[in-house]
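Breakdown of the fold
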Amino acid sequence: KLIPNLDVLGEIPFVEDIKTVNNSRGVFAESSRVIRSNISFKLPEKENGSVILSTSSIKGEGKTITAFNIAASYVASGKKVLLIGVDLRNPQVHDLLNIDRKSNTKGLSNLLSNPSIELSSEFFISVPIFKNDIDILLSGPIPPNPAELLASKPFSSLLTTLKASYDYIVIDSAPLVLVSDTIPLLKHADLVLYTTRAHYTDKKLAPFIDS
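Structural notes, computed from the coordinates. All values derive from a computational prediction rather than experimental measurement.

1. Some points on the overall build of the protein
- Looking only at helices and strands, one finds 7 helices and 6 strands in the protein.
- In sequence order, the secondary structure elements of the protein are arranged as α-β-α-β-α-α-β-β-α-α-β-β-α.
- For 211 residues, the compact-globule estimate of 2.2 N^0.38 gives 17 Å, and the protein sits close to it at 16 Å.
- Over its C-alpha atoms, taken along the principal directions, the protein stretches across nearly 50 × 40 × 35 Å.
- Scored against the burial criterion, the 211 residues of the protein give a buried share of 46%.
- Long-range contacts, defined as pairs at least 24 residues apart, comprise 78% of the intrachain contacts of the protein with a sequence gap of at least 6.
- Per element, the accessible surface of the protein, about 11300 Å² overall, is 52% carbon and sulfur.
- Across the protein, the mean location of the 22 positive side-chain charges is 2 Å away from that of the 22 negative side-chain charges.

Right, dumping it as structure tokens:
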């Protein structure tokens, strides 16, 4: 009611066991399929990759799970998908994959802080899900200047390069209220998925979300 001009694409039910994200018949996967179907009405098919940006107001609302679920849902439909961890200050994607973040020494922050580094397969992790593979570019080491890196020309160039190889690129970004890192990314997105969480997101944030 507070944001009548924004489209509600779906609802994810509360699930106690996070492992159900890998269950193709689970309520997580089914609710993601509903959202994916609704996205198709908003997102026209393009020759090069469509960019879907997942964000929220504050941390803990579920934007990373939203990003992963939607990426996995597209993978299940046979699309070539890349999930990028772009929350450079507080990365979460590795937790969903049970990867030790400190062991991940190659990621997005390396590519942006040193544009002379050549993009190669060693920067990507391929994870089997729903009988297909999803490619993941993790955030890499936490840099001192994430906002500047994400607003830089190297990020735009990298995204353009990646779009040529994927049907969909799903970006897991930082929360919008807490930091400015996500603002420069909005212009790259063909669709913004904004996650709110029941009994958690403050309704007073509605005007901010609307804007």
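2. Comments concerning the packing of aromatic side chains
- The full count for this structure, using the stated rule, is 1 aromatic pair.
- Seen from their ring centres, Tyr-74 and Tyr-168 are 3.9 Å apart, and the 20 degrees between their planes marks the pair as stacked. With a gap of 94 residues between them, Tyr-74 in helix H2 (residues 63–76) and Tyr-168 in strand S5 (residues 168–172) connect regions that are remote in the sequence. Accessibility classification places Tyr-74 together with Tyr-168 in one group, the buried group.
- Taking NZ or CZ as reference, Arg-197 lies 4.7 Å from the ring centre of Tyr-200, over its face.

Thresholds, definitions, all that
Residues numbered from 1 in each chain as written. Predicted model: local features only at pLDDT ≥ 70, side-chain atom pairs only at ≥ 80, totals over all residues. Heavy atoms only, no water. Helix = DSSP H or I, 4+ residues; strand = E, 2+ residues; numbered from the N terminus. Rg over C-alpha atoms; globule rule 2.2 N^0.38 Å. Buried < 20%, exposed > 50% of the residue type's maximum accessible area, 1.4 Å probe, protein only. Contact = heavy atoms within 4.5 Å. Areas by Shrake-Rupley, 256 points an atom, 1.4 Å probe, with all protein chains shown as cover. Lys, Arg positive; Asp, Glu negative; His and termini not counted. Charge placed at Lys NZ, Arg CZ, Asp CG, Glu CD. Phe/Tyr/Trp six-rings, centres within 6.5 Å; stacked < 30°, edge-to-face > 60°. Lys NZ or Arg CZ within 6 Å of the ring centre and 35° of its normal.

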